[in-house]
Amino acid sequence: RPKLKARRARIKPAENASIRVACSAGKTKYHALKLRSAGQHLFRTGLLPENHQGKGAVHESNFDKPEVKEKLEAWSKGLVAVEDGGFKGRIKPEKLLRYVNEFLFPELCVEDGISISTATRWLKKLGYKLSRYQKGIYFDGHERTDVVKKREELLTYLYLEILPYCVEYEGDNMTPKEPILKPGEKRHRILAHDETCVHANDQSLFVWEREDEHELRKKERGRVVHVSGFVLEDSGTLKLSEEEIEREKKLPKRPLSPAQQAEKDRCDAKKRTKKAGATENSRVEKPTVATDRTTEGLEWSPPPPPAPHTRYQCNTFDAQRIIHPGKGHDPYWDMPQLIAQTKDAIDIFEAKYPDDVAVFLFDCSSAHEAFASDALLAHKMNRGSGGGQPKMHSTTLPSGEVQEMVWPADYDGTDANGDSLAGKPKGMEQILRERDLLKVLEGKGKVLGVCNECKKSQKARDKEDKLRRAEKSGDTDSADGGDVDNDNIDDEDDDTRSADCCMQRLLSQQPDFKKEKPLLQVLIERRGHKCLFLPKFHCELNPIEMVWAQLKRRFRELADGTFPTAQRLVPECLDAISVANIRRYFRHCFRYMDAYKNGLNPKQAAYAVKKFTSHRRIPQSAFLDKEVISR
């Protein structure tokens, strides 16, 4: 008894303290006992006792078997052939269920199967989750070697050659700050371009309605309203003000170009035919949008205007184009229409800012970066002369000699079939022979027109490049589809491949072929302005994308599903977007550019741009933010 009393005296303070803690937390004396037990365990071992709560229902799963998990990871990365249970298209639990029950378990002699709910859980364990599709940044393509290179080149050029000469809008009130220009320097203004489509039945997905009410909508998306436009920080959309329009109307009208005159003559001929009483079945040539994409049309310039005028009146006072394409309606948007719109945009810009330089900013697309139909493109040439290859414009060699890409009209040579080559385009073999380059290929053995490497699609090259980078880094997960760190790997891009593997490759590496520019760039630079193309996957650098977002948000709130309403709402919603908002959109894109310039990856840049919204640059404190670093 004396020992027990002594022990009770020692534990009484601990018992009282634990009871007070338990009571303050609303617990019983049993909780106080568990606290004292945990304290003794901590005193003896220096560790908190392990919690076994919730572990009674854990059972062994086939997923945790190493051989099963390894096979499942390979399957999820698309490394299993379709005939062996692999999948095509998007990954789904049903496809995993089929692979496990019909291929994997029989192969591993596992006498078991899984249900669709188990397949869903296993997909989650493999790192997948079911989510609603949303438009956003395509992160995977941002870190491709060629994309990173293009982005760095663009940002370097912008920060050295463009932004120092642009007006900067500061503060919440967007106060303009003029650039400091030296004698002979001109102010630059960035014009961002893009296109978008709005469907007549594109309405809001969320509506307030009573329980016994339900709105019925058509299943189809409705007619399309296509918009192509330019925006800039100073005035928002590129168009003339009322005062500028009145001043513009006093100028003489521009004469028609030969192509425009020919189109007008066709329209007049059709009107005369109808007026003469032609029947409906009479075949009359329908006027169409010009499809000529050669550089010849760009070289035409009108005669000088009559004195005392120094220029002609603009063809239109608004650079925006709204069309309603479809069968039996307006033709779909194409390159000739974009060329015509860009010409009008240049005229409007020069009328509005006669002393400034326009910097046109286009998205990277096959349409925007399309070359003229007579451009020097080796991949469009045949090995032999003639055939269906396009006729290309003449070129000047480094020696100063002019080389014709088409045989003379009086040439008496024939092709392999005996057909005359007079006036026909020359092939790659003949062009290389005239340049004395064919012997370079002949010295290597068999001369190929196009080798297997050059025949590969860009998608196949991207996949091989990803595997090669992963092998160099030792990251097998990245080789199978994960991300690869590009910082410390010497990547082999297109410029480091063999330059003389075949005729097409050798010809494409010649200086005159490499310096060929897209048709849009040729048009803009000939007028004394600048043209830039954004890198692939970088729509976040184009401020007009947010203009389209605001347009569609307003449109969905007011649309009723009918095409007449859509025709009326689209221009109204565009006019409702304020200049201040467009300036904020430009600031948003400048913050992205600054984040990329300072080395942030796409996910870090997206977080930093969203958090730091005060200026067109990301503050230096952002690069030390743990939320930025951890992404």
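Residues numbered from 1 in each chain as written. Predicted model: local features only at pLDDT ≥ 70, side-chain atom pairs only at ≥ 80, totals over all residues. Heavy atoms only, no water.

### Remarks on the overall build of the protein chain
At step 1: Within the protein chain, the regular secondary structure consists of 24 helices and 10 strands.
At step 2: Taking all contacts inside the protein chain whose residues are at least 6 apart in sequence as the whole, residues at least 24 apart take part in 66%.
At step 3: Here the protein chain displays about 39,000 Å² of accessible surface, and carbon together with sulfur accounts for 52% of that area. (Helix = DSSP H or I, 4+ residues; strand = E, 2+ residues; numbered from the N terminus. Contact = heavy atoms within 4.5 Å. Areas by Shrake-Rupley, 256 points an atom, 1.4 Å probe, with all protein chains shown as cover.)

### Details of the nonpolar core
At step 1: Ile190, Val547 and Phe555 are the most contacted members of the largest nonpolar core, which totals 48 residues.
At step 2: Of all the elements in the fold, those that place two or more residues in this core are α7 (145-162), β3 (188-199), β4 (224-232), β7 (357-362), α20 (544-558), α21 (563-575), α22 (579-597) and α23 (602-611).
At step 3: Once residues lying within four places of it in the same chain are set aside, the contact partners of Ile190 are Ile162, Leu163, Cys166, Val231, Leu232, Glu233, Val359, Leu361, Phe586 and Phe590.
At step 4: Counting 32 residues, the second-largest nonpolar core is a separate cluster that includes Met335, Ala345, Leu519 and Leu523. (Core = buried A, V, L, I, M, F, W, Y, C linked by side-chain atoms within 4.5 Å. Buried < 20%, exposed > 50% of the residue type's maximum accessible area, 1.4 Å probe, protein only.)

### Quick word on the packing of aromatic side chains
At step 1: Tallying each qualifying case throughout the model produces 12 aromatic pairs.
At step 2: Look at Phe360 and Phe362: their rings are 6.3 Å apart centre to centre, the planes differ by 10 degrees, and that puts the pair in the stacked class.
At step 3: Assessed through its relative accessible area of 0%, Phe362 is described here as buried.
At step 4: Lys426 extends its terminal NZ or CZ atom over the ring of Trp407, reaching a point 5.1 Å from the ring centre.
At step 5: Here the guanidinium or amino end of Lys597 rests over the ring plane of Tyr159, the centre of that ring lying 4.8 Å away. (Phe/Tyr/Trp six-rings, centres within 6.5 Å; stacked < 30°, edge-to-face > 60°. Lys NZ or Arg CZ within 6 Å of the ring centre and 35° of its normal.)

### Describing the pairing of β3
At step 1: Here β3 lies mainly inside the structure; 10 of its 12 residues are buried.
At step 2: The sheet contact formed by β3 and β4 spans eight bridges and is antiparallel. Bridge pairing links Thr196 to Val227 in β4. (Pairing = 2+ DSSP bridges.)

### Examining the pattern of salt bridges
At step 1: A complete count under the given rule lists 25 salt bridges for this structure.
At step 2: The closest approach of N and O atoms between Arg556 and Asp202, which form a salt bridge, is 3.1 Å. Here Arg556 is found in helix α20, whereas its partner Asp202 is found in the loop between β3 and β4, with 354 residues between them in sequence.
At step 3: We classify Arg556 as partly exposed; its relative accessible area is 33%.
At step 4: Overall, the relative accessible area of 16% leaves Asp202 in the buried class.
At step 5: Arg527 is the partner of Glu350 in a salt bridge, and the nearest nitrogen-oxygen pair spans 3.1 Å. Of this pair, Glu350 sits in helix α11 (residues 335-352) while Arg527 is found in the loop between α19 (519-526) and β10 (530-533), placing the two residues 177 residues apart along the sequence.
At step 6: Each of Glu178, Arg187, Arg189, Asp234 and Asp356 takes part in one network of salt bridges that share partners. (Salt bridge = Lys/Arg side-chain N within 4 Å of Asp/Glu carboxyl O.)

### As for the state of the cysteines
At step 1: For the structure on display, the rule yields zero disulfides.
At step 2: For the unlinked cysteine Cys501, the closest cysteine sulfur is that of Cys451, found at 3.4 Å. (Disulfide = S-S within 2.5 Å.)

### Concerning the side chain of Ser235
At step 1: With respect to the helices and strands, Ser235 occurs in the loop between β4 and β5 (236-237).
At step 2: At 3.5 Å, the side chain of Ser235 and the side chain of Tyr353 are in polar contact.
At step 3: For Ser235, the residues in contact, after removing those within four places along its chain, are Lys352, Tyr353 and Val579. (Polar contact = N/O pair within 3.5 Å; in protein donor to acceptor, adjacent residues only side chain to side chain.)

### Points about the confidence of the model for the protein chain
Detailed reading of predicted coordinates is not advised where the pLDDT is low.
At step 1: Per-chain confidence: the protein chain averages 84 in pLDDT, with 86% of residues scoring 70 or above.
At step 2: In the model, residues 279-292 has pLDDT below 50 throughout and makes 14 contacts with residues more than four positions away in sequence or in other chains.
At step 3: In the predicted structure, residues 476-493 sits below a pLDDT of 50 and forms 32 contacts with residues beyond four places in sequence or in another chain. (pLDDT = per-residue confidence, 0-100.)

### Some words on unusual backbone geometry
At step 1: With an omega of 5 degrees, the peptide bond running from Ala307 to Pro308 counts as cis.
At step 2: Positive phi outside glycine occurs at Cys109, with the angle close to 60 degrees.
At step 3: Looking at the secondary structure, you find Cys109 in the loop between α4 (93-107) and α5 (116-125).
At step 4: You will see that Asp436, though not glycine, has its phi angle at about 60 degrees, which is positive.

### Describing helix α2 (residues 29-45)
At step 1: Helix length check: α2, at 17 residues, gives a terminal C-alpha distance of 24 Å against a target of 24 Å (1.5 Å per residue), a fit within 8%.
At step 2: Backbone geometry just after α2 places Gly46 at a positive phi near 80 degrees. (Expected span 1.5 Å × (residues − 1).)

### Some remarks on α7
At step 1: Between the first and last C-alpha of α7 there are 25 Å, a value that for 18 residues agrees with the 26 Å anticipated at 1.5 Å per step.
At step 2: For α7, the set of buried residues is Thr145, Val147, Val148, Arg151, Leu154, Leu155, Leu158 and Ile162.

### Overview of empty space enclosed by the protein
At step 1: For the structure shown, the criterion picks out five cavities of 30 Å³ or more.
At step 2: As a volume, the largest cavity reaches approximately 80 Å³.
At step 3: Cys166, Val167, Tyr169, His188, Arg189, Ile190, Leu232, Glu233 and Asp234 are the residues that line the largest cavity.
At step 4: By residue number, the principal contributor to the lining of the largest cavity is β3, which donates three residues.
At step 5: Across the lining of the largest cavity, the residue classes tally to five nonpolar, one polar and three charged.
At step 6: Taken as a whole, the second largest cavity holds about 60 Å³ of empty space.
At step 7: Taken together, Gly229, Phe230, Val231, Thr237, Leu238, Asp318, Ala319, Gln320, Ile544, Val547, Trp548 and Leu574 form the lining of the second largest cavity.
At step 8: Counting only elements with at least two residues in the lining of the second largest cavity, the list comes to β4 and α20.
At step 9: Here the residues of the lining of the second largest cavity are counted per class, giving eight nonpolar, three polar and one charged. (1 Å grid on protein atoms, 1.4 Å probe; cavity = no way out; pocket = protein on both sides within 12 Å on 5 of 7 lines; lining within 4 Å. Points joined across faces, edges and corners; volume = space filled by probe spheres on them. Nonpolar A, V, L, I, M, F, W, Y, C, P; charged D, E, K, R; others polar.)

### Remarks on the packing of α7 against α22
At step 1: Where α7 meets α22, the axes come as close as 10 Å, and the angle between the chain directions of the two elements is 115 degrees. Crossing handedness for the pair α7 and α22: left-handed. In this structure, α7 uses Arg151, Leu155, Leu158 and Tyr159 to contact α22, whose residues at the interface are Phe590, Met593, Asp594, Tyr596 and Lys597.
At step 2: Looking at side-chain class alone, the contact of α7 with α22 contains six nonpolar, no polar and three charged residues. (Axes fitted to C-alpha atoms, helices over the stretch in contact; angles between N-to-C directions. Left-handed = near helix turned anticlockwise from the far one by under 90°.)

### Some remarks on the environment of Tyr165
At step 1: Inspection of the secondary structure assignment puts Tyr165 in the loop between α7 and β1 (168-170).
At step 2: The class for Tyr165 is buried, based on a relative accessible area of 19%.
At step 3: In the structure, Tyr165 is positioned 23 residues away from His188 in sequence and 5.4 Å away in space, judged by C-alpha atoms.
At step 4: Every residue in contact with Tyr165, bar those within four places of it in the chain, is listed here: Leu160, Pro179, Leu181, Glu185, Lys186, Arg187 and His188.

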